[in-house]
Structure formats: C-alpha cells, structure tokens
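Residue-level structure breakdown
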Amino acid sequence: MKNNIYDVAVVGAGVVGASIARKLSAYACDTVILEKEWDVSFGVTKTNSGIIHGGFHYPTSTLKGRLEVLGNIMFDRLQQELHFPFRRCGILAAAFTIEEMKTIEKMYMQGVENKVIGLELCNRDRIHSLEPKLNPDVVGGLHAPSGGVIEPYHFVFSLIESAKKNGVELRTRFKVVKAEKRKGHFLIQAENGESLRARYLVNAAGLYADEVSAIFNAEHLQIKPLKGQEFLLDRNAAGLPGKVIFPVPSIVSKGILVIPTPEGTCMVGPTAIEQKDKEDLSTSQSNFATVFHSARRLIPKISERDIITSFAGLRPTLKGNDFYIAISEKQPELIQVAGIQSPGLTAAPAIGEYVKDLLKKAGLVLTERPDYDPFVDEIPRIRKLSPYEADALVQKEPAYGEIICRCESVSEAEIVSAIRQGHTTMDGIKFYTRAQMGRCQGGFCSYKILKILQRETGMSIEEITKRGLGSNLITDRVGGLAVKDPAAAPTGTEEVK
Amino acid sequence: MIEKHYDAVVFGGGSAGLAAAVRIAGQGCSVAVLERENELGGILNQCIHNGFGIQRFKEDLTGPEYAERFIEMVEELDNVSIFLETTALEVTHGTPHSVFAYSKRYGVIKIECRAIVLAMGCRERNRGNIGIPGTRPAGVFTAGLAQRLINIDGYIPGRRAVILGSGDIGLIMARRLTWVGVEVLGVIEIQGYPSGLTRNIVQCLNDFNIPLYLSHTLSEIRGKDRVTGVTVTPLQDGKTVTAKSFDLDCDTILLSVGLIPDNELSRKFGVSLNPETGGPFVDAGLMSSVPGVFACGNVLHVHDLVDYVSEESERCASFVVEYLNGTYNPLLHHPIVSGANVKYVIPNKYLPGMTNRFYLRSLIVKNKAELVISLEGEPLKRKNLAHVQPSEMVSFSLDEQDLSRGSESREKKLEVSIY
Ligand SMILES: Cc1cc2nc3c(=O)[nH]c(=O)nc-3n(C[C@H](O)[C@H](O)[C@H](O)COP(=O)(O)OP(=O)(O)OC[C@H]3O[C@@H](n4cnc5c(N)ncnc54)[C@H](O)[C@@H]3O)c2cc1C
Ligand SMILES: Cc1cc2nc3c(=O)[nH]c(=O)nc-3n(C[C@H](O)[C@H](O)[C@H](O)COP(=O)(O)OP(=O)(O)OC[C@H]3O[C@@H](n4cnc5c(N)ncnc54)[C@H](O)[C@@H]3O)c2cc1C
C-alpha cells in the first residue's frame, strides 16, 4: 500500500458494499471495506425476501430498472464462482380478474421492452400447470422463468470471502463516525478510536447512507425506512410452491408474496409500513391476519400453523424511490450508493460494475490483476451429500460426522469453518451454516455451538454474543450469583453435575 | 463404509429407547441403540430435581438416578450395542431396513435390521411457533434449553427472568433460577388455570413468592441487543385487554409453551404422522404405518411422567419381539377413535384378546368427569375421573373381558369420550 493510504474505502458490508469490493478485487487497487457490525450482511441484507427479480416491474428510465435486468443475468456465473444457494425457480404474477390481466399485460410489455428473456403471458391452464398449488380462481398471469431465489447473507459471505482472497481487507466493528479531507485523501475515524486513510470513498451504508454522506460533507440525503415483515414457514408446509408467486402489484408495493427459499423452506411477506426509527426491527401481530389472508388468496394451502419464525427488515428509501448512484457533486472522490431498496439484491452485481466505472471516471486508475482468482472453495455440506459421499468425507475429516444441528443436518466441521471464516457470533454462524435456523430454532444445538465457539476462539462464555455488542447470551456461572436466601437452596442433588 | 446387522435398531437412548432395548435384548434379540449425545439418558440427564420413579420404583429419584437404573440394565446385556455420539440421519425401509447413522468415530455406518424403534423424544415449542411480537434480542430461551445450560453446563442465562407457560418444566425452572440467584419476576399463563402439577405450584412458586399470572400473555418483547423488558397483557373472555397491560423489566424470557414429538426423520422415510399428537399413527402394538417400525416415549406423544414412558416402551418392545418372531399380525387390530371432548387417544388401534393400555388427553377442563368407551355407539365401559384438563394425560386399560362384550360387527370401532 502506498504511504499507508488505501485506494478505496467502501463503507458498508451489505450486499451492495460487498459486490463493489469484490468487483474492485479484480484490479490492482488497495481496497478496504468498513462495517460497523461484528459481521458482514447484518444490515438490510440479512432480512429480505431473497428474490432475484425478473425485470418486469420498472421501466428502464429508472436506474433500478436497468440495474435489476443487468444484475439478474450475472447470477449464474457468480454462482459457479462462489457456490451460494441460488435457484432460477421462476416467478409467476397471478391475476384474478380481467382488470388485473390488463396490468399483467402491461408488466409483460415492460419486461419485453427491458429485453428480459423468456417472459410469457399465461392463460388459466398454463398458469395452473406451472403452479398447481395456485388458487383455482386465478385466471391467468405472467411467467418470468429467469426470476429466482437466493440466500442473501450467504451470497454476501461468499462475495467477501472472494474479495478477501484477492486482497481486499475487511474491518468489522469499524463504525465510521468522523472524516476529514486531507491532501489527496480522507482520514476516516471509527467510533472505537481506530482510523485509516483512503483516496476514494464509496458510501454503501444502506439505511445510514444519509449519515455517512453527512460525515463526509457531501449531499444532504434523507433515507426513510420502509418496514417489511416476513414469516418463515417449515419446509414441510403444504403451501410451499415451486415458483415465487406475486399478486398483481399495487402502487405502493409488490404486495404479499409466497416464496420458496433456495433451502426448501417457504417465506410469506413482506409488508410495507413506513416508520421513522432505523433501529426498530420489531415484528407486530397486527398485520399478521392480513398477510396470511393475502397469501392464502394466492395459495390456499398456506397456513400459519407452519410458521417457524418471523422477522422484519427496513428498506432504505430515498425521495423519488430510485437508486441514487453517482459521483458526489460536493466530494469528487466520493461515490454515493444510496436509496438501495428493492431490487437492490438483484441489482447488486450490476451496481458493482457501475460503481467501478464511476470510480474510473472520478480518476481512479484501475488495472486488472493478473493473479485474480474469481473462485472460492466450496465447503461441503453434510445435508447435500449421500451417505456414501458423507462417509468418504468423515474418514478424511471426522468432524463432518458429528451432527450438531439436527433440524438442518449441520456438522461440527461446518460450524468450525464458519468460525474460521470470521463468523464468531451465534447469528453469524447461523447464517453461514443454517444451524439454529430450522424448526427448533436452536433449542437443541445452541449449547453445542457455544462450546465450539469457546474452543475455537478462546472467548469466554460470557463474551459470546448473538450478534455483537450487548447481545450476550450468558451472564454468569452457577455459583457466581448471590442467592437471596441461601438457606432455601438445597445441597446434594441440586448441585451441578 | 462400515456395515452392521441387528434384529432391531433403537433411535435414541433416552428413557424410552433404554427401556425398549432392555426388553428386546432380554428376549434374546440383538439390538443397537443409536444416541447422538455423548451419554445415555436423554432429557432425564438435565432433570436434576427429584420426583421421578415414584410409580415405577416406589422411590423418589432424580432424573439422572432414574436413567442410571436403566443404563445399568442395558449395560449388563451383551446383545445390546450402544453407539454414542451417533445420529440416525437416513433410513430406507424395506426388508431389511437400512439405517445410515453418522458419527465422528466410525464415519457413516450402514445398519441393516428388521425392526426399528423410534425413541427420539421431543423438542420444545419456541418463540416462532407462538409468534410473540416485538424485537428479536438475545435473552429469549426455551425452558428446556435454559435447564440444560444451568444444570449440565453451569451457565446462567440472565439475572431477571420472566417465564411464559406454567407447565411443569416452567415451574421447575422458576425454582431452579431462584436457587442459582436469578430473580424470577413472574410466571405468565394464558389459560385460566395452571397446567403444571399442584405440587409444583406450591413448591416452585408459592414457597418463593413468585407471582403466577393466570389468563395473561406476553404481548411484546423489548430490547435491541438483549431483552430489556416485556409487556404483559391480561385476557378476558379470550380477548386481550390492552388497557390493563403492564411492563416487567427483565433481561431474560423463558418459554415453556409445550413440546412437539420430533419426527422429522420418521416423516422423511414415510411414517405417517398424526396431526393431533405430532407422533406416528400406531396400531395396538405401537407399530407405525411402516411395517417393522415402532414408536414409544415422547416421539409418539408427549408424556408428563417418565414412569409412563418406561412402561409404554417396554410394552412396545414386547410387540417388536413378536414382530421379529413372525407372530405379529396387524390385521387383527381394530380402530379406536376420539369422541366427544377428547384431543387424542393413543394407540390408534386395539387388539381383542389382550389387555390394551391407552393414553388420552382431554380437550376440556372439568371436575368429576366421566370417561366413556363405546363400541359401535353402545357404551362398553365407564370410568370416573376426579379432574380432567388438557395438560394432564389420562390413562386407562381395556382387558380381554371388556372387549369380549359388544356387537359382532366387523369393524368393531371403539370410541372414547369424556363427559
Ligand atoms: C423486507 C425486504 C424485502 C426485500 N426483498 C428483496 C428482494 O426480494 N429482492 C431484491 O432484490 N431486493 C430486496 N430487498 C432490498 C434489498 O434487501 C436491499 O436493497 C439490499 O439488501 C441493500 O443492501 P445494502 O448493502 O445497500 O444495505 P445493507 O445491507 O444495510 O448494508 C449497509 C451496511 O452498512 C453498514 N453501515 C452503516 N453505517 C455505517 C457506518 N457509519 N460505518 C460502517 N458501516 C456502516 C451497515 O451496518 C450495513 O451492514 C428487500 C428489502 C427488504 C427490507
Ligand atoms: C425439558 C423437559 C423436562 C421434563 N421434566 C420431567 C420431569 O420433571 N418429570 C417427569 O416425570 N418427566 C419429565 N419430562 C418428561 C419426559 O418427557 C420423560 O420423562 C422422558 O424422559 C422422555 O423420554 P424419551 O426417551 O421419550 O425422550 P428423551 O429423553 O428426549 O430421549 C430421546 C433421545 O433420543 C436421542 N435422539 C434423538 N434423535 C436422534 C437421532 N436421530 N439419532 C440418535 N439419537 C437421537 C436424543 O439425543 C435423546 O437422548 C420432561 C421432558 C422435557 C422435554
């Protein structure tokens, strides 16, 4: 690194920041990615619908419309290089009336104009043969075979792993709070007192892109959170469809969808509720009935009895509802990547390319690295192997034989590789391995994971957190708390074994 | 891949699996017990309180002591092979069945057998299953997990706790938390009556002045990183009365909101499951819809008392032995179904010509209730029950004599009701 100054600092390790950093890792360019949380993908990116959209919702006059279409077609290659769960299962938009069919036709025309491949209009028979679980009242709709589903956090983990492999540095727990423009570079300071210097800056801070913009004395932005709550259903749910099912969209949102996740569970959501607080990810009961009512209208077999869990995410929206990706007019070495709401996940790979080009335009010299290696190793997953393949693996590496999470069949070796990749919180391990993500939600495996974490990292049990600062799980050891009335506590059999 | 052959393979080395293995091996058949943990005993290992074995051994034992009795028995038999830290993960059924079990030590073992006993126990219902609104901070634990963390690992999950659910596990944890120095602010129960034993209400709550909020529920969880509090809301006529809500400042929430038989594996290889119990449909010999695959203990239906688990599992084992000897004839079994006010009755079939034992759960709460068993609409037997409620299992038997009465119709369908 020249004079200890990075060429580029990317603020934010969500899907957008990670895509940009990985793109830059193909060039001879010293890049650092800064993330305030303890792990990557803990922002907006961890809580979304995971859909790779089909390119028929927005006109190409919008930046998000163009980047969605471009992003979509990049996923096959990315999957070959990075091995994240992704499936082009196809998307159906279902119409119930002739009126709705008219909207469907408009969406079809939009898609054709956007040069989406394979779009088709479906009559009643066609749509029901594509998805037999649809409500019999559906009269027709749109089929976008290029639409798909992805595990978003996994995608980010792979992007980061690849970026790191090609020289990008990741700094977690680095919350950017202050910046100064120096001669030819920015001095960037973190809340924890650390600092570093970089010549170019990318603001990919998701919900906080407005605050980061202010820190760098750039444009005045105002990000408004739009909450979306999702419900996750068991993989045995009778309503699990083969394709992503959309209703005909309204003006405010794409509506309540039914989504088959790439790992075989089923998701229902999201809602769209404006709120002020960017930290408030609470779920509520009030919209529950309407969500399931809407979902059942599409697929009658959807049932709240199958719920495993529910969570909420916040879409970072800007006025005008489009992405704002541009060289800052106030700080010519700063690239703004703000307002990345849906279809941000789909567009992310294209955003990476786009931002690389903007950096060039801003004066950054980018030459390709001869030793760039786009591939990362695929970690074997016990649940994906036949017993014979599994046996061969366990003979080489016994830890694959120890099943830690029984709901999702995750072995000890997979937990250990998560930890070695830097995922040292319980949620980080969950997102990396799927352990604690199944129907028991960690009831059986979390105590085992706590042990492995202690062994692998040397952390004490009290230091282990769910997802970083303040989210500690264990407060004390037995015997370590004062007992109010010690006489009441028995000895003998009540002692810890 | 290592290959092995046994007459029977038992999935799970908890009280059900142990009792079954002892009985099957005692009759001269070879048995393998697969247990994914590093010791036998199952859930009993974390139940270090007493109250176990009063029926079975006429002694007041702790969970581990109760388990130890069966572990000793099983270890004395040389036709039982125990595989610890070994998880049954895949089964292809047929003649014989093939079981694929995963372990660190042996790799994947392929075990061929003629009979399988499902004894995998149950799991706990969690936050997602009951959908408590609010944030998603650290500090929300299922009661069984907290019990394990404290009693086996020696870890305390927090300092000020609220417990949701007044089942026995929740009550016992209220006392346990208090004993290790955690302040328990209350036990919240959505029903108008406690679902745990009266003895536990007295000994685990009243003795420690822990309030029990009946007809109340948790309406919100607060806290960004760690729980900082909950909102408790009373119910009136089944509706929440938001105006009367109050807050409790706690850092920990324990959920004791029910258990679900853990049948993922069974479902995967085609065992048909009863939506009322979450366990397999079984005939009079506790054999599931897959020939040669039996079930007992909490994987079949959730039991309140381990003594019943042992008894049921031994009975199951006798039928496994019959099956292995070629004398088991499921065609002779007749159906028994739930009638009025009955949630479920297990098994789902009975066999005339022997004593049949049944377990059932009531849908209603009632003092001085009557259990009525009828055959083709005609009452066959009646039994007085001092008190029934959904959380308490009821058991009854029908012997040869009871069953010899009644009509000659072919179906011979029995129906059980509570009035
Ligand atoms: C409910 C819901 C459903 C969605 N469904 C879809 C979908 O199906 N398909 C689709 O394509 N899109 C979907 N989206 C949109 C998509 O999730 C987002 O567009 C995308 O995740 C945004 O990624 P990001 O990297 O910009 O933001 P983030 O993931 O939030 O990343 C920004 C990162 O910056 C960090 N950060 C913030 N401030 C600082 C600071 N000062 N210092 C250091 N780091 C900082 C944050 O911690 C965060 O990790 C959905 C969104 C929601 C909310
Ligand atoms: C938290 C809790 C507290 C309880 N407290 C009491 C009490 O105080 N008093 C009382 O009388 N009863 C109590 N019970 C009731 C209890 O259900 C019974 O007492 C009894 O122990 C259940 O025995 P089981 O063998 O059916 O299940 P378990 O004891 O759960 O045994 C199942 C075993 O199977 C193993 N297993 C599961 N899947 C696999 C697989 N695929 N491969 C290999 N092994 C597998 C598990 O590791 C476990 O060891 C409690 C139950 C629970 C859940």
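Let me sum up the structure you'll find in this document. Keep in mind it's a predicted model, so treat the numbers as computed, not measured.

Reading the values: rules and limits
- Along each chain, residue indices are assigned from 1 in the same order as the chain's sequence is written.
- Chains carry letters from A onward and ligands carry numbers from 1 onward, assigned in written order.
- Thresholds applied to this predicted model are a pLDDT of at least 70 for local features of residues and 80 or more for the giving and counting of side-chain atom pairs; totals over whole chains, interfaces and linings are not thresholded and use all residues.
- To get the side-chain values, take all heavy atoms of the structure and skip hydrogens and water.
- The numbering of helices and of strands both runs from the N terminus, where a helix is a DSSP run of H or I of at least 4 residues and a strand a run of E of at least 2.
- Note that the radius of gyration is over C-alpha atoms, with the globule rule given as 2.2 Å times the number of residues to the power 0.38.
- Partly exposed describes any residue whose relative accessible area lies between the buried limit of under 20% and the exposed limit of over 50%, with all areas from a 1.4 Å probe on protein chains only and scaled to the type maximum.
- Contacts are assigned to residue pairs that have any heavy atoms within 4.5 Å of one another.
- Per-residue and other accessible areas follow the Shrake-Rupley method at a 1.4 Å probe size, with only the shown protein chains counted as cover for residues.
- Two strands qualify as a pair provided DSSP detects at least 2 bridges between them.
- Distances are taken per atom, and a residue is near a molecule or strand as soon as one of its heavy atoms is within 4 Å of it.
- Polar contacts, as counted here, are pairs of nitrogen or oxygen atoms within 3.5 Å of one another; within protein the pair requires one atom able to donate a hydrogen and one able to accept it, and residues that are adjacent in sequence qualify only if both atoms are side-chain atoms.
- Lys, Arg, Asp and Glu make up the charged group, whereas Ala, Val, Leu, Ile, Met, Phe, Trp, Tyr, Cys and Pro make up the nonpolar group; the residues left over, Gly among them, are polar.
- Angles run from 0 to 180 degrees between N-to-C directions of axes, and those axes are lines fitted to C-alpha atoms, restricted for helices to the stretch in contact.
- We call Phe, Tyr and Trp rings a pair once their centres come within 6.5 Å, taking the six-membered ring for Trp, and we label the pair stacked below 30 degrees between planes, edge-to-face above 60, and tilted otherwise.
- Ring-over charges, as used throughout, are those where CZ of Arg or NZ of Lys falls within 6 Å of the ring centre and within 35 degrees of the ring normal.
- Oblique is the label for any angle not covered by the other classes, which are roughly parallel (under 35 degrees), roughly antiparallel (over 145) and roughly perpendicular (65 to 115).
- In this scheme the handedness of a crossing depends on how the near helix is turned from the far one: anticlockwise by less than a right angle means left-handed, clockwise means right-handed.
- For the purposes of this section, nonpolar cores are sets of buried Ala, Val, Leu, Ile, Met, Phe, Trp, Tyr and Cys residues that join through side-chain atoms within 4.5 Å.
- The rule for a salt bridge is simple: a side-chain nitrogen of Lys or Arg has to be within 4 Å of a carboxyl oxygen of Asp or Glu.

What follows covers the overall build of chain A. Check the secondary structure of chain A and you find 13 helices and 23 strands. Its C-alpha atoms give chain A a radius of gyration of 24 Å, near enough to 23 Å, the size a compact globule of 497 residues would have. Split into buried and exposed, the 497 residues of chain A put 61% on the buried side. For chain A, contacts bridging at least 24 residues in sequence account for 70% of all contacts bridging at least 6. Surface summary for chain A: the accessible area is close to 20000 Å², and the carbon and sulfur share equals 52%.

Residue and element names in this part refer to chain B. Of all 12 residues in strand S8 (residues 107–118), 10 are buried, a share of seventy percent or more. As paired strands, strand S1 (residues 2–11) and S8 are joined by 9 bridges and run parallel to one another. If you follow Tyr6 over to S8, its bridge partner there is Cys113. Strand direction decides the pairing type here: strand S7 (residues 97–103) and S8, joined by 7 bridges, are antiparallel. Among the inter-strand pairings, Tyr102 is bridged to a residue of S8, identified as Val108. Joining the antiparallel neighbours S7 and S8 is a turn of 3 residues. Across 3 bridges, the pairing between S8 and strand S21 (residues 293–295) is parallel.

With that settled, consider unusual backbone geometry. Across the junction of Ser342 of chain A and Pro343 of chain A, the peptide omega takes the value 5 degrees, indicating a cis bond. Of note, Pro343 of chain A is situated in the loop between strand S20 (334–338) and helix H9 (344–361). Note that the residue after Thr95 of chain B, namely Pro96 of chain B, is joined by a cis bond; omega there is -5 degrees. Along the chain, the position of Pro96 of chain B falls in the loop between strand S6 (86–92) and S7. In this model, Lys368 of chain B sits at a positive phi of 50 degrees, which is unusual for a non-glycine residue.

Here we come to helix H4 (residues 143–153) of chain B. Of all the 11 residues making up H4 of chain B, 10 are buried; the element is thus mostly covered by neighbouring parts of the structure. Against helix H13 (446–457) of chain A together with strand S9 (122–124), strand S10 (140–142), strand S11 (155–156), helix H5 (168–179) and strand S19 (252–255) of chain B lie the buried residues of H4 of chain B. Where H4 of chain B ends, the next residue or the one after it, Gly154 of chain B, has phi of about 80 degrees, a positive value.

Before going further, it helps to spend a moment on the site of ligand 2. Around ligand 2 lies a shell of 35 residues, among which Ser15, Ala16, Glu35, His49 and Asn298 of chain B are the nearest. Those chains with residues close to ligand 2 are chains A and B. One of the side-chain N or O atoms of His49 of chain B is found 2.5 Å from an oxygen atom in ligand 2. Separating a nitrogen atom of ligand 2 from a backbone N or O atom of Ala88 of chain B is a distance of 2.9 Å. Compared with its free state, where it exposes 1000 Å², ligand 2 has 94% of that area covered by protein. At the level of elements, helix H1 (15–26), S6, H4, H5 and helix H8 (306–325) of chain B are the ones that each hand at least two residues to the shell around ligand 2. No other element matches S6 of chain B, which puts 3 residues into the shell around ligand 2. Of the residues in the shell around ligand 2, the class split is 16 nonpolar, 14 polar and 5 charged.

All names here are of chain B. Across the sheet, 5 strands lie side by side as S10-S19-S12-S13-S14; this open sheet has parallel pairing. Each having just a single partner strand, S10 and strand S14 (212–214) make up the two edges of the open sheet. With strand direction ignored, the average angle separating the axes of adjacent strands in the sheet is 20 degrees. As paired elements, strand S12 (residues 160–164) and strand S13 (residues 183–189) share 5 bridges and run parallel to each other.

All names here are of chain A. Around ligand 1 sit 40 residues in total, of which Glu35, Thr45, Ile51, Ile340 and Thr346 are the nearest. A distance of 3.2 Å separates a nitrogen atom of ligand 1 from a polar backbone atom of Ser49. Pro343 is positioned with one of its backbone polar atoms (N or O) 3.4 Å from an oxygen atom of ligand 1. The fraction of the free accessible surface of ligand 1 (1000 Å²) that becomes covered by protein chains is 98%. Secondary structure elements with two or more residues in the shell around ligand 1: helix H1 (15–24), strand S13 (224–233), strand S18 (307–317) and H9.

A few words now on the packing of aromatic side chains. Tallying each qualifying case throughout the model produces 27 aromatic pairs over all chains. Look at Phe56 of chain A and Phe246 of chain A: their rings are 6.4 Å apart centre to centre, the planes differ by 65 degrees, and that puts the pair in the edge-to-face class. A residue pair is termed long-range when its members are at least 10 positions apart, and Phe56 of chain A in the loop between strand S3 (51–52) and helix H2 (63–72) and Phe246 of chain A in strand S14 (residues 244–247) qualify at 190 residues. Take Phe56 of chain A and Phe246 of chain A: they sit in the same class, and that class is buried. Ring geometry for Tyr153 of chain A against Phe431 of chain A: centres 4.5 Å apart, planes inclined by 40 degrees, an arrangement best described as tilted. Taken together, the residues Tyr153 of chain A in helix H6 (residues 152–165) and Phe431 of chain A in helix H12 (residues 426–433) connect sequence positions 278 residues apart. Accessibility classification places Tyr153 of chain A together with Phe431 of chain A in one group, the buried group. Here the aromatic residues Phe75, Phe84, Phe86 and Phe155 of chain A are joined through ring pairs into a cluster of three or more. Above the plane of the ring of Tyr432 of chain A lies Arg381 of chain A, whose end atom (NZ or CZ) is 5.3 Å from the centre. Across from the ring centre of Phe57 of chain B, 5.6 Å away, lies the NZ or CZ of Arg56 of chain B, which sits over that ring.

The next thing to look at is the packing of H1 of chain B against H8 of chain B. Residues and elements named next belong to chain B. At their nearest, the axes of H1 and H8 sit 7 Å apart, and the two run at 40 degrees to each other. As summarised for this structure, H1 and H8 are arranged oblique, according to the angle between their axes. Handedness of the H1/H8 crossing: right-handed. Facing Ser15, Ala16, Ala19, Ala20, Arg23 and Ile24 of H1, the residues of H8 in contact are Val306, Val309, Ser310, Ser313, Glu314, Ala317, Ser318, Val320, Val321 and Leu324.

Moving on, we come to the nonpolar core. Among the nonpolar cores identified, the biggest contains 120 residues, and Ile20, Ile325, Val337 and Ile351 of chain A are the most heavily contacted of them. If you tally residues by element for this core, the top one is H9 of chain A, at 8 residues. Sequence-distant contacts of Ile20 of chain A, defined by excluding residues within four places in its chain, comprise Val10, Val202, Ala204, Val337, Ile351, Gly352 and Val355 of chain A. The next biggest cluster of nonpolar side chains, apart from the first, holds 70 residues, and it includes Phe83, Ile116, Leu118 and Ala284 of chain B.

This brings us to the environment of Ala21 of chain B. Residue and element names in this part refer to chain B. As for its position among the elements, Ala21 is in helix H1. It is 8.5 Å that separates the C-alpha atoms of Ala21 and Val9, two residues lying 12 residues apart in sequence. Filtering out sequence-adjacent residues up to four positions away, Ala21 remains in contact with Val10, Val31, Val33, Val74 and Val80.

Residue and element names in this part refer to chain A. Per the stated rule, a full pass over the model turns up 58 salt bridges over all chains. Salt-bridge contacts for Arg383 lead to Glu263; the nearest nitrogen and oxygen are separated by 3.4 Å. Here Glu263 lies in the loop between strand S15 (257–260) and strand S16 (266–269) and Arg383 lies in the loop between H9 and helix H10 (387–396), a separation of 120 residues in the sequence. Accessibility expressed as a relative area gives 24% for Arg383, which makes it partly exposed.

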